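# Structural overview for review
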Amino acid sequence: MKHQHPALFGFAVAGIFTTFCSFVAVARAGAVVATVNGEPITAVELQQFMQPAALRIGADPLPDPRYQALEDAIRVRLFAREGKRRGLKAPDGRAAFVRAHLHQALIRAVLDERGISVDAVDDRRAKAYFEAHRAEILKVASVQVRAVVVEDAALAERLLQEAAGIGAEAFGHLVEKHSLDVDSKKNGGLIGPFDHDHIGGVDKDFGAAVVGVAFGLRRAGQVGLAQGSNGQYYVLRAEQVQLDPSPWTNDLARRVKHLVVYEQREQALKDLYKRLRADVRINIDEKALSQIPVTGTPNPA
């Protein structure tokens, strides 16, 4: 009786395992995660709507991107169906291609019906919107932050929740008790300041996610959480925030008008989606949805 060489046996096992994993991946991709009036939405379709995780600004938990992707996929189907009911046109092609065109056609129709456009926003309204949202609109010129740096994700989450409800002095105590970064700990957790003139060097030191969260803190006392390029977690608290004092120019006015239109657009589409969603039967397979991997890193603001 001949004995099989151990190396050949190992390659055979590895090949079988790889084939099995590929089969599982394909099966999961074809898994039905939800149905809309019996029409299936598969995992592979849902992955087309997946977005990178958002930056963690504030202590509120981030929504699961899989559920957001599912809502987006459902919206495309409902808007496409409504567009078809209204007699809107789309080029011939695969079902997903036709749905995408009907979805966009309906959005254009809704905006036209409601008169939502940049040209419909006059300067007076744009200026009033700007004054009411100045802190959110103006670019952050520089920000000085304090950080508690830890290695455990669960501890970072707990510290973030605690940091959201305390002042600068109490945050300093968290730095003293928990932070692992020796250099910043000597200065009460101070890191930065972050400004756009030195963004390259700062990015290399801390990583894009930390820099993105730092620039996302729009007022003193606001907190956030990010994982640095070193794998450690940074619980951040803004100490000083300096906004770029941009004058009111035609370019800024145009930008603000686009923000007004975006807000109107989102509200109009939200109202329509809510109405259409109430008229259909939606079933979600929570287990299949939970098996879709969440990939990608946050996009810096």
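Scroll up to find the structure.
Residues numbered from 1 in each chain as written. Predicted model: local features only at pLDDT ≥ 70, side-chain atom pairs only at ≥ 80, totals over all residues. Heavy atoms only, no water.

Time to look at the packing of helix α7 (residues 153-163) against helix α8 (residues 168-178). When two helices pack together, their arrangement is captured by the angle between the axes and the distance separating the axes. α8 packs onto α7 with a crossing angle of 160° between their chain directions and a minimal axis gap of 10 Å. Considered as vectors, α7 and α8 are oriented roughly antiparallel to each other. In this structure, α7 meets α8 at a crossing whose hand is right-handed. Listed contacts from α8 to L155, R158, L159, E162 and A163 of α7 are F171, L174 and H178. When the residues that make up the contact of α7 with α8 are grouped by side-chain class, the tally is five nonpolar, one polar and two charged. (Axes fitted to C-alpha atoms, helices over the stretch in contact; angles between N-to-C directions. Helix = DSSP H or I, 4+ residues; strand = E, 2+ residues; numbered from the N terminus. Parallel < 35°, antiparallel > 145°, perpendicular 65-115°, else oblique. Left-handed = near helix turned anticlockwise from the far one by under 90°. Contact = heavy atoms within 4.5 Å. Nonpolar A, V, L, I, M, F, W, Y, C, P; charged D, E, K, R; others polar.)

This part is about the sheet that holds strand β8 (residues 282-284). Reading across from one edge, β2-β1-β8 is the order of the three strands in this open sheet, with antiparallel pairing throughout. Both outer strands of the open sheet, β2 (39-42) and β8, are each paired with one neighbouring strand and no more. Neighbour-to-neighbour, the strand axes of the sheet open up by a mean angle of 20°, direction not taken into account. (Pairing = 2+ DSSP bridges.)

Turning our attention to the packing of aromatic side chains. Applying the stated criterion to the full structure yields three aromatic pairs. On the numbers, 5.3 Å between centres and 45° between planes, the contact of F130 with W248 is tilted. A residue pair is termed long-range when its members are at least 10 positions apart, and F130 in helix α5 (residues 123-132) and W248 in the loop between β7 (233-243) and α12 (250-277) qualify at 118 residues. Look at F130 and you get buried, because its relative accessible area is 2%. Overall, the relative accessible area of 32% leaves W248 in the partly exposed class. One aromatic cluster is present, formed by F194, F206 and Y234 through successive ring pairs. (Phe/Tyr/Trp six-rings, centres within 6.5 Å; stacked < 30°, edge-to-face > 60°. Buried < 20%, exposed > 50% of the residue type's maximum accessible area, 1.4 Å probe, protein only.)

Limitation: the analysis is restricted to geometry and does not speak to function.
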